[in-house]
Each structure stands twice: as structure tokens, then as C-alpha cells.
Amino acid sequence: MKLAAVGDNCLDVYSILDKAFPGGNPVNVAVYFSRLGGESSYTGAVGNDEHGKTIINALREKKVDISHVKVLEGNTAVTQVDLVNGNRVFGDYDEGVLADFKLTEDDKDFIKNHDLMVSGFWGMIEKDIPGLKKDGMKIAFDFATKLTDPLVDDIITYVDYAFFSYESDDAYIREYLKSKKNNSAGLVIATLGENGSIVYNGKEFVKFGIVPCSVVDSMGAGDSYIAGFLKGVLEGKEIYECMKMGASSASVTLEYMGAW
């Protein structure tokens, strides 16, 4: 089972704690997928600064394939993070060299050697997704909380596993998932924080709760759910079991500081 994580990365800086942790949606998913025993790679760009070295070294330590990480002249992306009752609150974001990140043909060929690709809203590769899908790539995409952004309708047709972040299982999110499933190539999934998750497969909703744990920091919880869910997908599990694997993975991440 090989997962290609593609797109953004950053250093999450907790000024209040005087600590920083590597992160970024696809980077996190790659690390968590490896933690679950899968094989993963990360394709993206870091700066030629100390933050870039930190991210590369950390990914190498987590046994993520970094052969397609580009080191560009400039600063690695940085996100300022605060903690409020164990929940992360994002502050300023410096995109750094990611503003210039683009997939090469070699990158695309590399990605196609995997069983599934995952990216996200800030991944900078949305223009490449139709072509990758046409070439037979299975695609997962995290739209995060950007439910009303035009990007959703622009690319969801090509997405096999579309993830969204919301707060509760209510009429709005159910109708929303139904409407997006009309265009999606596969499953539409909403993670609901402490309220679990729901999946719509075009016929019915499947719901799963949470795996109880002691919450220290919610950073990376959604990404670890995605990693667990996709691990289940690649193992041929039923939807409910994939959701359970996602929730279990998230519960581990919630119990420590930083994404990983």
C-alpha cells in the first residue's frame, strides 16, 4: 500500500510555548499513514533555511519517502498557532517558497506509482488533479472547512474521497454532502470533531462516533483521521471500519502536543 501525499507543508509555531512542530495537511497524512504501517511519500517544497531542514529531517525520521521534496531558495512556510482549551487557533501564515511550488512531469510520474494520492486545500496542485485522475490515479482531497469555496465544485468531480470539516451532524451538513456526492467520483466524508464523522455513499449515511481519549492538542487530528480512513480503504475495509480506523488514529494524535 503506497500513499502519495502532495502539496503544502509548514512549521507550526506555538509562540506561547516557545515550541515549533513540523506540519501541513498532506505532510501530516503521510506521517500518520507511515505510523499505521503503510508506505508513504511526500512531494512538496521547503526553503533552504533551518525550518526546511527541520521538516526534511523529521520526515526522514518518520520513514516518509522524501525523494521528491524540493529545496528552494527562500523561507519555509510558517503558521503561528495558539492553544485555547486544547484547541488550536491559527494566526498569521507565511507561505514562503510554497508560492512557487509546481509539480513537474517527473513528480507526476512518481505519484502515479502509488495506490492513492492525497492533497488538500492549500496544496497548490488543483490544476493537476484532472490530469492525474485521467491517468487513473485514485485521489483523496481535504477541503477542510472551505465548504463554500469555488474550488470544491471545480475539482470534486475528480475526487474519490472528499473530506470536509464541520461541527455537528445536522440537516445542513447532510444536505451539503448529498449535493456534493452528485458530482463526486466517490465518497464524501465530514469529520465533526468530538461529534465523530459521517460518510455519504450516494445511497445512505454511515455514522461513527469517537474513540475516547485525553485531549492535549487537536492539531493534526483531522489529518490522522484521513490517514486511518485511507489505510482502511486500501485494505479493502467497509466504510464503517474505515471510519473506525480514522477515529482510532485521531485519538492517538489528540493525546500529545503538536501534529506529530
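Residues numbered from 1 in each chain as written. Predicted model: local features only at pLDDT ≥ 70, side-chain atom pairs only at ≥ 80, totals over all residues. Heavy atoms only, no water.

Our next topic: the environment of alanine 227. Along the chain, alanine 227 turns up in helix H7 (residues 221–234). Along the sequence, alanine 227 and valine 152 sit 75 residues apart, while their C-alpha atoms lie 21 Å from each other. Apart from residues no more than four positions distant in its own chain, alanine 227 is found in contact with Val29, Tyr32, Phe33 and Leu36. (Helix = DSSP H or I, 4+ residues; strand = E, 2+ residues; numbered from the N terminus. Contact = heavy atoms within 4.5 Å.)

The subject of this paragraph is the packing of aromatic side chains. Tallied over the full model, the rule gives 11 aromatic pairs. Relative to tryptophan 122, the ring of phenylalanine 121 lies with its centre 5.1 Å away and its plane at 75°, an arrangement referred to as edge-to-face. When its relative accessible area of 42% is taken as the criterion, tryptophan 122 is described as partly exposed. For the pair phenylalanine 141 and phenylalanine 143, a centre-to-centre distance of 4.6 Å together with 45° between the ring planes defines the contact as tilted. Comparing phenylalanine 141 with phenylalanine 143 shows no difference in burial state: the two are buried. Taken together, the ring pairs in this structure connect Phe141, Phe143, Phe164, Tyr166, Tyr172 and Tyr176 into an aromatic cluster. (Phe/Tyr/Trp six-rings, centres within 6.5 Å; stacked < 30°, edge-to-face > 60°. Buried < 20%, exposed > 50% of the residue type's maximum accessible area, 1.4 Å probe, protein only.)

Here we come to the side chain of histidine 68. Following the sequence through the fold, histidine 68 ends up in strand S5 (residues 65–72). The class of histidine 68 is buried, set by a relative accessible area of 14%. A distance of 3.1 Å separates polar atoms of two side chains, one belonging to histidine 68 and the other to serine 67. Leave out the neighbours within four places in its chain, and histidine 68 touches Tyr42, Thr43, Gly44, Asp106, Asp107 and Phe110. (Polar contact = N/O pair within 3.5 Å; in protein donor to acceptor, adjacent residues only side chain to side chain.)

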